[in-house]
Amino acid sequence: MSDRRETDVVVIGGGPAGLSAAAAAAEAGAKVVLVDRNRQLGGILNQCIHDGFGLQAFGEVLTGPEFAARVAARALEAGIEVHTDTMVTDLTSSRELVCTTSGERYPLRAEAVVLAMGCRERTRGMLRIPGTRPAGVYTAGAAQWLTNMADVRVGRRVFILGSGDVGLIMARRLVWEGAEVAGVAELLPYPSGLPRNVSQCLEEYDIPLYLAHSVTCIHGRDRVEAVTVTRFDERRLPIAGTEFEVACDTLLLSVGLIPENELSRNADVVLDPMTGGAVVNERYMTSVDGIFSCGNVLHIHDLADRAAEEGDRAGRCAARYALGPSTSRREELRIDAGEGIRYVVPQRAERSAEELLVSLRISEPADRCTAVVTAGDRVIAEESLRHGHPSTMVQMRLRSRGGIDADRLEVRMR
Amino acid sequence: MTTRRMACILCPSGCELDVRTSGEPTADSVVVEGNLCPRGEEYALEELLNPRRTLTTTVLVRGGVGTQTSVKTAAPVPRESLAAVRAALLGTTIDAPVAIGDRVAEDVAGTGVDVVATRAIPRRSDPVDVRLRNR
């Protein structure tokens, strides 16, 4: 083991959020070390070869790998130090880290740590789908990696469970690769992916989308041979007699993403059960002083642009914390998700905050609806949504000169 | 008068457009609502008259770190030519190193559009960028 290294800011994870955080912290004058478990920077963007990235961040349409290259170049130009092929295997609340790489383990200590570990996919085991255990069941992201990074054909006739964005993107990708996509089943009565992906990936290729349906059995001994699809009622219980069988050799699962917060738990960071990510204040600082969080590890984003922007903000705050005089935590108010709102980030804010960016998701699809932020009886901000949808993150900017005069803000649908 | 709901796919905002047409669609006769920016109107009209898409896929790479790189059509191509573009790229193999923007195919499937690489692939024999290993 080498001697313990000290630095201003350590960023864990080299995807769009982590790279942007590292770049912003270095540009603000901090010494930054970024640690990533992969060989190539960019995180999951490298396997997202479709386009549609970058319009918000760069004003042009880019593919995932191109977007990744842009944010990586910015971070490297800002002079960050990068440890690739390296996993952070421990993190404490006093910001001491253990890094593990091939044949070596070494400690690091930082004035500020930015959590940017991203998320992982829900798996078959977590869904408890009955049936046999044949080959041919993949998460959508695993299939994406095999198809786009490893030149492996995952199957000839594919059924997809779940209408998350990765599954929708993979439906079109597999059609382009010559496979047949037999259909997509979604347990909810509305798609969980973005409307644009339902349109350009399913409707355009006449792929049936079975809303309020799920896979209730997987058939096949060595390889998947078929799945049973069943209609579900509004209490999400299967309706007897509605089962039908779909012949396929492959089942993809696109049934949700989970922020990867094992390290955060090690460091006693308080998590929000609704987002699966840390509880943060408006500076993206968690319940542990000096530990910040951004991107998909904080809450699942639908756009990499937004994850990168959040990383940028968190990185700047982390640098300010690391370089500034040590101050104790100031008085914080709560920001709660009220009626019709699934979650809000940040969940806390310093009373003295003059500007707040609130990210939220609504609970149910609704046309022409309005989200409001209230302090007691006062409405302090509102945002009208033409086609409000849980798949689309909503952001509201709050400004209040001299800080916020309330113990609690609530975001709700009006 | 017919109304069609379409999702604008030009950017991640994904505006849901309500597009009203009567008779043959033209710039004057088409009414678009729900777009956050003027591109939504252009998109709706082009979508009715001449839909185009950017195709993204992969090609094989010889001598590189990893076996393939990702590519895209440098501009959107007519939707009906997507299959021909994909077919034209099957079996394409290029040599490392690959830089983003390198031309992989010219005037693919007679569309007048080139295909370019979207991910850099270093040569397997090249040393790793020192900035990535300096600890």
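Small disclaimer: the values here were computed from a predicted structure and weren't measured.

Novice: Whenever I open this one, the overall build of chain A confuses me. Can you help?
Specialist: Across its full length, chain A carries nine helices and 27 strands. Its C-alpha radius of gyration of 22 Å places chain A within 12% of the 22 Å reference for a compact globule of 414 residues. For chain A, the spread of C-alpha atoms along the three principal axes comes to 65 × 60 × 40 Å. Within chain A, the fraction of its 414 residues that count as buried is 59%. For chain A, long-range pairs separated by at least 24 residues make up 62% of all intrachain contacts whose partners lie at least 6 apart in sequence. Per element, the accessible surface of chain A, about 16,900 Å² overall, is 47% carbon and sulfur. The averaged location of the 57 negative side-chain charges in chain A is 1 Å from the averaged location of its 48 positive side-chain charges.

Novice: Even after reading the chapter, I still don't get the interface of chain A and chain B, so can you show me in this structure?
Specialist: Where interface size is quoted, it is often the accessible area lost as the parts come together. Contact residues are listed per partner, giving 44 residues for chain A and 37 residues for chain B. Surface buried jointly by chain A and chain B totals about 3,500 Å² across both partners, of which 50% is contributed by carbon and sulfur atoms. Among the residues chain A hides against chain B, the three largest losses belong to Trp176(A), Arg196(A) and His387(A). Together they make up 18% of the total. Between the two partners, chain A and chain B, sit seven salt bridges. Of the charged contacts, one joins Arg386(A) and Glu33(B) as a salt bridge, the two residues approaching to 3.5 Å between their closest N and O atoms. The interface formed by chain A and chain B contains 15 residue pairs in polar contact (both at pLDDT 80 or more).

Novice: Whenever I open this one, the packing of aromatic side chains confuses me. Can you help?
Specialist: Two aromatic rings, taken as a pair, are described by how far apart their centres are and by the angle between their planes. Residue and element names in this part refer to chain A. Scanning all chains against the criterion turns up five aromatic pairs over all chains. Plain terms: the ring middles of Phe292 and Tyr321 are 5.9 Å apart, the flat faces sit at 70° to each other, and that makes the pair edge-to-face. A residue pair is termed long-range when its members are at least 10 positions apart, and Phe292 in strand S19 (residues 291-293) and Tyr321 in helix H9 (residues 304-323) qualify at 29 residues. For Phe292, a relative accessible area of 0% gives the class buried. Residue Tyr321 is classed as partly exposed on the basis of its relative accessible area, which comes to 23%. Within the aromatic cluster, the residues linked to one another by ring pairs are Phe53, Phe58 and Phe67. Taking the ring centre of Phe58 as reference, the NZ or CZ of Arg70 above it sits at 5.3 Å.

Novice: I would appreciate a short explanation of the domain arrangement of chain B in the present structure.
Specialist: When its domains are assigned, chain B resolves into domain 1 (2-50) and domain 2 (56-117). Spacing between the C-alpha centres of domain 1 of chain B and domain 2 of chain B amounts to 30 Å.

Novice: Which parts of the structure should I look at to understand the pattern of salt bridges?
Specialist: Where charged atoms of side chains with opposite charge meet at close range, the side chains can pair. Under the defined criterion, the tally for this structure stands at 44 salt bridges over all chains. What emerges from the salt-bridge pattern is a single network uniting Asp367(A), Arg386(A), Arg5(B), Glu16(B), Asp18(B), Arg20(B) and Glu33(B).

Novice: Just checking my understanding: could you explain the domain arrangement of chain A for this structure?
Specialist: Residue and element names in this part refer to chain A. Partitioning chain A into structural domains gives domain 1 (1-121 + 257-329), domain 2 (123-255) and domain 3 (332-414). Facing 10 residues of domain 1, the contacting portion of domain 2 comprises 17 residues. With both sides pooled, the region where domain 1 packs onto domain 2 buries about 1,100 Å², and carbon together with sulfur makes up 56% of that total. Of all residues in domain 1, the largest losses of buried area upon contact with domain 2 belong to Gln47, His50 and Glu121, amounting jointly to 56% of the total for that side. For the interface between domain 1 and domain 2, the tally reads zero salt bridges. Summed over the shared surface of domain 1 and domain 2, the result is seven residue pairs in polar contact (both at pLDDT 80 or more). Among the residues making up the side of domain 1 that touches domain 2, the classes are represented as four nonpolar, four polar and two charged.

Novice: What exactly am I supposed to notice about the pairing of strand S12 (residues 180-186) of chain A here?
Specialist: Successive residues of a regular strand alternate their side chains across the two faces of the sheet. Residues and elements named next belong to chain A. By the criterion of burial, S12 is predominantly enclosed, with six of the seven residues buried. Of the strand pairs in this sheet, strand S11 (residues 157-161) and S12 are connected by five bridges, and their pairing is parallel. Across the sheet, Ile160 pairs through a bridge with Val184, a residue of S12. With respect to chirality, the unit in which S11 leads through helix H6 (residues 165-176) into the neighbouring parallel S12 is right-handed. Examined bridge by bridge, S12 and strand S13 (residues 209-211) share three bridges and lie parallel to one another. Residue pairing across strands places Glu186 opposite Leu211, the latter belonging to S13.

Calculation rules
Residues numbered from 1 in each chain as written. Chains lettered and ligands numbered in written order. Predicted model: local features only at pLDDT ≥ 70, side-chain atom pairs only at ≥ 80, totals over all residues. Heavy atoms only, no water. Helix = DSSP H or I, 4+ residues; strand = E, 2+ residues; numbered from the N terminus. Rg over C-alpha atoms; globule rule 2.2 N^0.38 Å. Buried < 20%, exposed > 50% of the residue type's maximum accessible area, 1.4 Å probe, protein only. Contact = heavy atoms within 4.5 Å. Areas by Shrake-Rupley, 256 points an atom, 1.4 Å probe, with all protein chains shown as cover. Lys, Arg positive; Asp, Glu negative; His and termini not counted. Charge placed at Lys NZ, Arg CZ, Asp CG, Glu CD. Buried area = accessible area lost by both parts, 1.4 Å probe. Salt bridge = Lys/Arg side-chain N within 4 Å of Asp/Glu carboxyl O. Polar contact = N/O pair within 3.5 Å; in protein donor to acceptor, adjacent residues only side chain to side chain. Phe/Tyr/Trp six-rings, centres within 6.5 Å; stacked < 30°, edge-to-face > 60°. Lys NZ or Arg CZ within 6 Å of the ring centre and 35° of its normal. Domains from an automatic or database assignment. Nonpolar A, V, L, I, M, F, W, Y, C, P; charged D, E, K, R; others polar. Pairing = 2+ DSSP bridges. Right-handed = clockwise from strand over helix to strand, strands pointing away.

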